[in-house]
Amino acid sequence: SKVQETCAQPGLFAMTLKYEDPPKICCLGAGYVGGPTMTVMAKKCPEIKVTVCDLNERRIAAWNSSALPIYEPGLQEVVEEARGRNLFFSTDIESAIRECTIIFVSVPTPTKKSGIGAGEAADLTYWELAARQIAAVCNASENKMPKIIVEKSTVPVKTADAMAAVMAAACKGTDFQVLSNPEFLAEGTAIDDLFKPDRVLVGGPQTPQGLAAIECLANVYRKWVPTERVLTTNLWSAELSKLTANAFLAQRISSINSISALCEVTGADVSEVGHAIGVDSRIGPKFLKASVGFGGSCFQKDILNLVYLCRSFGLPEVAEYWHQVIVMNDWQKRRFANAMVATMFNTVSGKRIAILGFAFKKDTGDTRESPAIDVCKALSEERAKLAIYDPKVSREQYYEDLGKEAMEKIEIDEDPYVACAGAHAIAVITEWDVFKTLDYQKIFNSMSKPAFIFDGRNILDHRKLSEIGFTVWAVGKCMKKVLDTEGSPSP
């Protein structure tokens, strides 16, 4: 009989099916979450075979090459250490499902574009297809060893229940448990986040077999994560924790951005305000830097998902509260573009504008929901001539984000100095460190006059830029007040 205790905590899970030890692991989806997560897991657990699968042959080929499909500091080195030893990238999804005990599902869950919940609800098409493929492979396999299916994608609360229902109806003879193991990665620091996570959250059914599955997955993480940081919960708590974490972080950004507008008209400095409240131990300093707005694959999608859930469960006041975080972010992006036009004598038509940075944040090539997209579209509508430079974004990505028609009128440069040459204005949209060290005297000399610079991240030396001759605008700062305070002569 396969019925016996698990080896995790003897006596705790009596009469449960035993999971393979060490378990073989696969991940369906080789994107920003699946690739790095499995790579670090393979490095930290050399005795565990880890396979990352994807239908996209080009993406898998890239993972097997020296030119990885995504950029993340430190990722290349970790991949090269583990790849071919116990880390594998493959398009053979069926074989991976067949041989593995733990199956991570890390497929896209974009916001629905049509139908019920369009614009807010998550589209679970790929997630359901993954469940049905797992069931089909298990049905066709003679080996009926128990499986653990792990939600790694960001999904709505109770999605695990839906997957379990699909599996129960479609999969016969194989015991499976569906767990939630949300990711809390920040792009640009994902590898460090995976090596030293604040917490790892594993949620699952509160049944003997469900608890055994939770222990099996938790024990994998405990090989490098301190036990006190591996948290176990029920399914719904784990699913909701991910949405709530991102909602709280985005809320802080929208909160400080709302104050940035007030600072500009009162003479306060948003950097000073952010620091003053951040030293309060009850608040803390993180996510209190005003900017052109937040982007990325998760914040907006997760908040919209939360809004839809609240409305679905008859909580319109809660839904409206969280929706305002998105409203404020959209307004901040429009406000930045509008400030550029207003500052440049209410017209940018025919004027060359250098856009420095297109990724949604530094140290990544990811442009999903990047503020740069909205700013570029707004300036293009005003008939500005854009020249864009970003050190990591591919030319193909610009076409995908801005559209072929718009790209015919936009210049993509491989050198920031080329992008700025002849420009009437510069807009810093992404906080790449390289932008802090550019020769702005050289750039000023090459630009049309008057030369404007709009700092959407507050990373530049505004006084020095003003002394060079730039007209400077920065988020959350009344520039006349700033320059007067720092010793520049009053006009």
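The model shown is predicted, which means the values in this text are computed figures rather than measured ones.

Analysis parameters
Residues numbered from 1 in each chain as written. Predicted model: local features only at pLDDT ≥ 70, side-chain atom pairs only at ≥ 80, totals over all residues. Heavy atoms only, no water. Helix = DSSP H or I, 4+ residues; strand = E, 2+ residues; numbered from the N terminus. Rg over C-alpha atoms; globule rule 2.2 N^0.38 Å. Buried < 20%, exposed > 50% of the residue type's maximum accessible area, 1.4 Å probe, protein only. Contact = heavy atoms within 4.5 Å. Areas by Shrake-Rupley, 256 points an atom, 1.4 Å probe, with all protein chains shown as cover. Lys, Arg positive; Asp, Glu negative; His and termini not counted. Charge placed at Lys NZ, Arg CZ, Asp CG, Glu CD. Axes fitted to C-alpha atoms, helices over the stretch in contact; angles between N-to-C directions. Parallel < 35°, antiparallel > 145°, perpendicular 65-115°, else oblique. Left-handed = near helix turned anticlockwise from the far one by under 90°. Nonpolar A, V, L, I, M, F, W, Y, C, P; charged D, E, K, R; others polar. Expected span 1.5 Å × (residues − 1). Arc of directions from axis to C-beta. Pairing = 2+ DSSP bridges.

Trainee: Could you give an account of the overall build of the chain, naming the residues involved and the relevant values?
Mentor: If you tally the helices and strands in the chain, you get 19 helices and 16 strands. For the chain, the C-alpha radius of gyration of 25 Å lies close to 23 Å, the compact-globule estimate for 491 residues. When each of the 491 residues of the chain is scored for burial, the buried share is 52%. Taking as baseline every contact in the chain between residues at least 6 positions apart, the subset at least 24 positions apart corresponds to 75%. Roughly 21,900 Å² of accessible area belongs to the chain as shown, and the carbon and sulfur atoms make up 53% of that amount. Side-chain charges in the chain split into 55 positive and 60 negative, and the spacing between the mean points of these groups amounts to 0 Å.

Trainee: Mind laying out the packing of helix 11 (residues 299-312) against helix 12 (residues 316-343), listing which residues take part and the relevant values?
Mentor: Packed helices, taken two at a time, are described by the angle between their axes plus the distance between the axes. The N-to-C vectors of helix 11 and helix 12 enclose an angle of 155°; their axes lie 8 Å apart at closest approach. Here helix 11 lies roughly antiparallel to helix 12, going by the angle between them. Regarding helix 11 and helix 12, the two cross each other, and that crossing is left-handed. Packed against helix 11, whose contacting residues are Gln300, Ile303, Leu304, Leu306, Val307, Cys310 and Arg311, the element helix 12 presents Pro316, Val318, Ala319, Glu320, Trp322, His323, Val325, Ile326 and Asp330 at the interface. Tallied by class, residues from the contact of helix 11 with helix 12 come to 11 nonpolar, two polar and three charged.

Trainee: Describe helix 6 (residues 159-170), naming the residues involved and giving the relevant values.
Mentor: The terminal C-alpha atoms of helix 6 lie 16 Å apart, and with 12 residues this matches the ideal 16 Å at 1.5 Å per residue to within 8%. Every buried residue belonging to helix 6 is among Thr159, Ala160, Met163, Val166 and Met167, and all of these are buried. Looking down the long axis of helix 6, one finds its buried residues gathered within 120° of arc, a one-sided arrangement. Those residues of helix 6 that are buried are in contact with strand 6 (102-105), helix 5 (125-140), strand 7 (147-151), strand 8 (176-180) and helix 9 (235-266).

Trainee: I'd like to hear about the sheet that holds strand 11 (residues 352-356), residue by residue, with values.
Mentor: Spatially, 13-12-11-14-15-16 is the arrangement adopted by the six strands of the open sheet, whose pairing is parallel. Strands with a single pairing partner mark the edges of an open sheet, and in this sheet they are strand 13 (411-412) and strand 16 (471-474). In this fold helix 13 (residues 371-381) packs onto strand 11 and strand 12 (385-389), with an angle of close to 160° to the strand it touches most, strand 12.

Trainee: How would you summarise the pairing of strand 8 if you had to cite specific residues and measurements?
Mentor: In terms of residue burial, strand 8 counts as a mostly covered element, since five of its five residues are buried. Neither face of strand 8 is left uncovered, since the one carrying Phe176, Val178 and Ser180 and the one carrying Gln177 and Leu179 both have all their residues buried. Taken together, the five bridges between strand 7 and strand 8 define a ladder with parallel strand orientation. Bridge pairing in strand 8 links Ile149 to Val178.

Geometric values such as these leave the question of function open.
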